[in-house]
Amino acid sequence: MKISHIEHLGIAVQSIEEALPYFTDVLGLECYATEVVEDQKVKTAFLRCGEVKLELLEPTSPESTIQKWLDKGNKGVHHVAFCVEDGVADALAECDGKEIRLIDKAPRKGAENLNIAFLHPKSTCGILTELCEH
């Protein structure tokens, strides 16, 4: 698998409206897009920090995986997303061949219309890892 860069850091928040002033007013970052991803039951807000994006993730339903994660007392960085140059499907096949536990068996559409897939943190040093392709 060829990774070109960190695509984004996913940050779980209970409310984008409440969290955004920290990122914009204190850190001076600009929110350039918001989007609801219905099938993932989240609202996202994107900010740039140099070449890396921050994706704020707000649950839109009690059944959202983000809400369940927050309910466990977790907060902050939820996942790291890497941009793969050789395609998510090929990267998943390579990871599967190396006995990495896959959350997604095939790529799916995510925010910003990216093809995405997740690797299970039990196989990735405790880090929920997202693979992305543009």
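Note that the structure is predicted; figures quoted are calculated from it, not measured.

Criteria and thresholds
- Residues numbered from 1 in each chain as written.
- Predicted model: local features only at pLDDT ≥ 70, side-chain atom pairs only at ≥ 80, totals over all residues.
- Heavy atoms only, no water.
- Salt bridge = Lys/Arg side-chain N within 4 Å of Asp/Glu carboxyl O.
- Helix = DSSP H or I, 4+ residues; strand = E, 2+ residues; numbered from the N terminus.
- Buried < 20%, exposed > 50% of the residue type's maximum accessible area, 1.4 Å probe, protein only.
- Pairing = 2+ DSSP bridges.

Peer 1: Describe the pattern of salt bridges, and please don't skip the residues or the numbers.
Peer 2: According to the stated counting rule, one finds five salt bridges in the structure shown. A salt bridge links Glu85 to Lys2, with the shortest nitrogen-to-oxygen separation between them at 3.5 Å. Of the two residues, Glu85 is situated in the loop between strand 5 (76-84) and helix 3 (88-97) and Lys2 in the segment before strand 1 (3-12); the sequence distance between them amounts to 83 residues. In this structure, the salt-bridge partner of Asp104 is Arg108, at a minimum N-O distance of 2.8 Å. Overall, the relative accessible area of 11% leaves Asp104 in the buried class. Via salt bridges that share partners, Glu7, Lys53 and Glu112 belong to a single interconnected network.

Peer 1: Please give an account of the pairing of strand 8 (residues 129-133) that cites residues and values.
Peer 2: Across the five residues that make up strand 8, a large majority, four, are buried. Note: strand 5 against strand 8, four bridges, orientation parallel. Counterpart to Val80 in the pairing with strand 8 is Thr129. Relative to strand 8, strand 7 (residues 115-119) runs antiparallel, the two being bridged by five bridges. Counted as the bridge partner of Leu119 is Thr129 from strand 8.

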